[in-house]
Amino acid sequence: MNKILITGGAGFIGSNLTEYFLNKGYYVVCLDNFATGHRYNIEPFLENSNYKLIEGDIRDLETCKTAVEGVDYILHQAALGSVPRSIKDPVTSNDVNVTGFLNMLIAARDANIKRFVYAASSSTYGDSESLPKVEDVIGKPLSPYAVTKFVNELYADVFSKTYGIQCIGLRYFNVFGRRQDPNGAYAAVIPLFVKQLINHESPKINGTGDYSRDFTYIDNVIQMNELAMLSENAEAVNTVYNTAVGDRTTLNDLMHYLKKYLSEFDPEIANVNTIYGPNRIGDIPHSLASIKKAEKLLGYKPSHTIDKGLKEAVQWYWENLK
Ligand code: NAD
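These notes cover the structure that comes with them. Remember, it's a predicted structure, so these values are computed and weren't measured experimentally. (Residues numbered from 1 in each chain as written. Predicted model: local features only at pLDDT ≥ 70, side-chain atom pairs only at ≥ 80, totals over all residues. Heavy atoms only, no water.)

Each helix and strand in the protein was counted, giving eleven helices and 13 strands. In summary, the protein has a C-alpha radius of gyration of 19 Å against a globular reference of 20 Å for 322 residues, a match within 12%. Across its three principal axes, the protein shows a C-alpha extent of roughly 55 × 45 × 40 Å. The buried share of the protein, taken over its 322 residues, is 53%. In the protein, the share of contacts with a sequence separation of at least 24, taken over all contacts with a separation of at least 6, comes to 81%. (Helix = DSSP H or I, 4+ residues; strand = E, 2+ residues; numbered from the N terminus. Rg over C-alpha atoms; globule rule 2.2 N^0.38 Å. Buried < 20%, exposed > 50% of the residue type's maximum accessible area, 1.4 Å probe, protein only. Contact = heavy atoms within 4.5 Å.)

So, in structure tokens, the structure goes:
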């Protein structure tokens, strides 16, 4: 039986990967310190004999070494997300996202794993204005978080060249879906807006609402992780891929869709006002990915447009947040 280590497995993306791969018959080890993840995300797995939880911190090399024992593949998701969090506390973001990442690479190298797939980020495009984003054209980072994610790519590249370990980085573009945390100061826009709308509170858009993002449903991200983990195409490894849909939606359009789908459950939601505030430091105006590289080298085909993904996500939040 193949064994996968999912770091950050108690978080949004990690717990979705865990659920998927357990259902496919893999043995899954989760390494998480619950900094931003939740026990309720992993509760359904605790009784599964193919699941093991290691409560620990990737900033500790020995913990990483223990976690990779006997592992075939690593899906490295553990990190401190959020641009504003990294602006407030760059040292902790760096410790977790860079030192923790390096520890995981060292542990992976010494354990002879088959492949190291890691969560990179669209923030690596930084101040580059070119659209759509293609993997080879990046700008300068606009936040400490973006620096950490770019450094991850540099380390992975050097480790693959120097030690021969197989690495693939997935530059996630604004992922959303079931189990994404709507609470806390650094909540992502979709779960935050959904929670506010369900409670009839006015969501606040930073700026005029014409900024756009390539919002990517979680099932597309799961697909990319599986393809990256198992690809037998020699040209497909030791590189990075945009993990997105290849379509962009403005925040105003996003709000329109959310109200439309939520008002099917509660018609009053259609009347909740939106508030507009100043733009946030470090936010880029537009983000749109080219997914051609993933289509060509990995055979990626997104299963969910934003519309389809939002419908599913809204339904999940309605059933689970009420
Ligand atoms: P999340 O906060 O829900 O999950 C991160 C998980 O990592 C949490 O369970 C947290 O407890 C764990 N973690 C944090 N610090 C740790 C440490 N020191 N040791 C062990 N575990 C630790 O976030 P997510 O949205 O699921 O993000 C997963 C990954 O994807 C992150 O690397 C993030 O940077 C990246 N990413 C996410 C998005 C997105 O839109 N969600 C976009 C780009 C990149």
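Attention shifts here to helix H8 (residues 218-230). Its 13 residues give H8 an end-to-end C-alpha distance of 19 Å, which sits within 8% of 18 Å, the value for a rise of 1.5 Å per residue. When you tally the buried positions in H8, you get ten out of 13 residues, the bulk of the element. Those residues of H8 not exposed but buried are Ile218, Asn220, Val221, Ile222, Gln223, Met224, Asn225, Glu226, Ala228 and Met229. (Expected span 1.5 Å × (residues − 1).)

Time to look at the site of the ligand. Near the ligand, the surroundings consist of 27 residues, among which Asp32, Thr36, Asp57, Tyr145 and Val175 are the closest. Asp32 places a polar side-chain atom, nitrogen or oxygen, 2.5 Å from an oxygen atom of the ligand. Residue Gly37 places a main-chain N or O atom 2.9 Å away from an oxygen atom belonging to the ligand. In the complex, the protein chains occlude 90% of the 820 Å² of accessible area that the ligand would expose alone. With three residues, strand S5 (residues 115-121) is the largest single contributor of residues to the shell around the ligand. By residue class, the composition of the shell around the ligand is 14 nonpolar, nine polar and four charged. (Near = heavy atom within 4 Å. Polar contact = N/O pair within 3.5 Å; in protein donor to acceptor, adjacent residues only side chain to side chain. Areas by Shrake-Rupley, 256 points an atom, 1.4 Å probe, with all protein chains shown as cover. Nonpolar A, V, L, I, M, F, W, Y, C, P; charged D, E, K, R; others polar.)

The space that makes up the second largest pocket amounts to roughly 230 Å³. Put simply, the parts of the chain that give the lining of the second largest pocket at least two residues each are helix H6 (144-163), strand S6 (167-172) and strand S11 (239-243). In terms of residue count, H6 provides more of the lining of the second largest pocket than any other element does, six residues in total. Residue classes in the lining of the second largest pocket are distributed as seven nonpolar, four polar and six charged. (1 Å grid on protein atoms, 1.4 Å probe; cavity = no way out; pocket = protein on both sides within 12 Å on 5 of 7 lines; lining within 4 Å. Points joined across faces, edges and corners; volume = space filled by probe spheres on them.)

Take the side chain of Lys133 next. Looking at the secondary structure, you find Lys133 in the loop between S5 and H6. Among buried charged residues, Lys133 stands out as having no salt bridge; its nearest opposite-charge side chain is Asp127, 8.3 Å away. At a separation of 3.2 Å, a polar atom in the side chain of Lys133 contacts the main-chain carbonyl oxygen of Ser130. What Lys133 contacts, discounting residues up to four positions off in sequence, is Tyr125, Ser128, Phe173, Asn242, His286, Leu288, Ala289 and Ser290. (Lys, Arg positive; Asp, Glu negative; His and termini not counted. Salt bridge = Lys/Arg side-chain N within 4 Å of Asp/Glu carboxyl O.)

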